[in-house]
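# Summary of the model geometry
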Amino acid sequence: MKNFALIGAAGYIAPRHMRAIKDTGNNLSVAYDINDSVGIIDSISPQSDFFTEFERFLEHAYRLKRDPATALDYVSVCSPNHLHHAHIAAGLRLGCDVICEKPLVPTPAVLDELARIERETGKRVFNILQLRHHEAILRLREKVAAAPRDTKFDVELTYITSRGKWYLESWKGDPRKSFGVATNIGVHFFDMLHFIFGNLQENRIHLSEETKAAGYLEYERARVRWFLSIDANDLPEGVKGKKPTFRNIDISGEQLEFSEGFTDLHTTSYQEILAGRGYGIEDARHCIETVDVIRSARAVLDTGDLVRPFVKRFAS
């Protein structure tokens, strides 16, 4: 049984980490969040210590190190995106391996800094890249690998996940903290595309707004037109009023709808990390480079075939 700490216990994704820790037979020793809306702990790990001040959390963690039976083995990071680097570094310097939500950090330069801290501490950072464990994605990867090497697939990726007005008032709506909608909701999809279709060769941005983004990516094995949105008005007519989320990949006219099958992917990710097969800094580098370019590039909505027809209606 390993001892875990959880940073960011009041966030949306934190319960999946709590359950993954429990379901893999481990102990959530202590949790931290500046907010105290963490009643979910009662149904998963009521014995866990909890702090709302980072200084007290850190001091408690150092006290736990005095006894090998209580010393922390892992720190799981679910805090807002702009705090990942600081919280990962703190976990590594506590002498723990760290499991962090996406996006790991905003830029390749910060990845390099984390790699340096790994070398200094002898500990590892693991990123939750859960789509690499999704059965539909694994089947598609096998299909692409089996196709003739000169085959380049035409792909359309659509991900629309409805969010209310609260989203833009929270840290997620602040690009200084979330790094924008393409990074916050899209980074693991860009990792998935790399995982399936190989290295990225071209990256164009067609649309970059507060609630949606679109562009074109060309990989070794695919030409991808992508669209991401948190606006419920963008949901397909057949989905509106029925589901808040729509995930779809069209591969050369064949639909891969993968809205289901996400429930246990965090537990699978934890199982792989604990078994020594987790995804580390270099595995995350490709998608971090992709979103770094998307954030910094100027959006150009041209009239060519690389732009999806419905995206053109957003042109001013």
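Values in this document were obtained by computation on a predicted structure and should not be read as measured data.

### Re the environment of F227
- Here F227 shows up in strand β10 (residues 222–229).
- For F227, a relative accessible area of 0% translates into the label buried.
- Along the sequence, F227 and V307 sit 80 residues apart, while their C-alpha atoms lie 10.0 Å from each other.

### Things to note about the sheet that holds strand β5 (residues 97–100)
- Strand order in this open sheet of six strands is β3-β2-β1-β4-β5-β6, and the pairing throughout is parallel. A strand with exactly one partner marks an edge of an open sheet, and here the two such strands are β3 (49–51) and β6 (125–127). The mean inter-strand angle of the sheet, taken between neighbouring strand axes irrespective of direction, is 20 degrees.
- Across four bridges, the pairing between strand β1 (residues 3–7) and strand β4 (residues 74–77) is parallel. Paired with A5 across the two strands is V75, which belongs to β4.
- The strands touched by helix α1 (residues 14–23) within the sheet are β1, β2 (27–32) and β4, with β1 carrying the most contacts at an inclination of about 180 degrees.
- Along the sheet, helix α4 (residues 84–93) makes contact with β1, β4, β5 and β6, crossing β5 at roughly 155 degrees.

### Brief notes about the environment of I34
- Along the chain, I34 turns up in the loop between β2 and α2 (41–44).
- The class of I34 is exposed, set by a relative accessible area of 62%.

### Re the domain arrangement of the protein
- Taken as a whole, the protein is organised into domain 1 (3–127) and domain 2 (131–313).
- Taking only C-alpha atoms, the centre of domain 1 and the centre of domain 2 are 26 Å apart.
- Residue-level contacts link 34 residues of domain 1 with 28 residues of domain 2.
- Buried area between domain 1 and domain 2, summed over both chains or domains, comes out near 2,700 Å², and the portion from carbon and sulfur atoms is 67%.

### Notes on α4
- In terms of burial, α4 is largely enclosed, as seven of its 10 residues are buried.
- Summarising the contacts, the buried residues of α4 are in contact with β1, α3 (54–64), β4, β5, α5 (108–121) and β6.
- Just past α4, the residue G95 takes up positive phi, approximately 90 degrees.

Parameters and conventions
- Residues numbered from 1 in each chain as written.
- Predicted model: local features only at pLDDT ≥ 70, side-chain atom pairs only at ≥ 80, totals over all residues.
- Heavy atoms only, no water.
- Helix = DSSP H or I, 4+ residues; strand = E, 2+ residues; numbered from the N terminus.
- Buried < 20%, exposed > 50% of the residue type's maximum accessible area, 1.4 Å probe, protein only.
- Pairing = 2+ DSSP bridges.
- Axes fitted to C-alpha atoms, helices over the stretch in contact; angles between N-to-C directions.
- Contact = heavy atoms within 4.5 Å.
- Domains from an automatic or database assignment.
- Buried area = accessible area lost by both parts, 1.4 Å probe.

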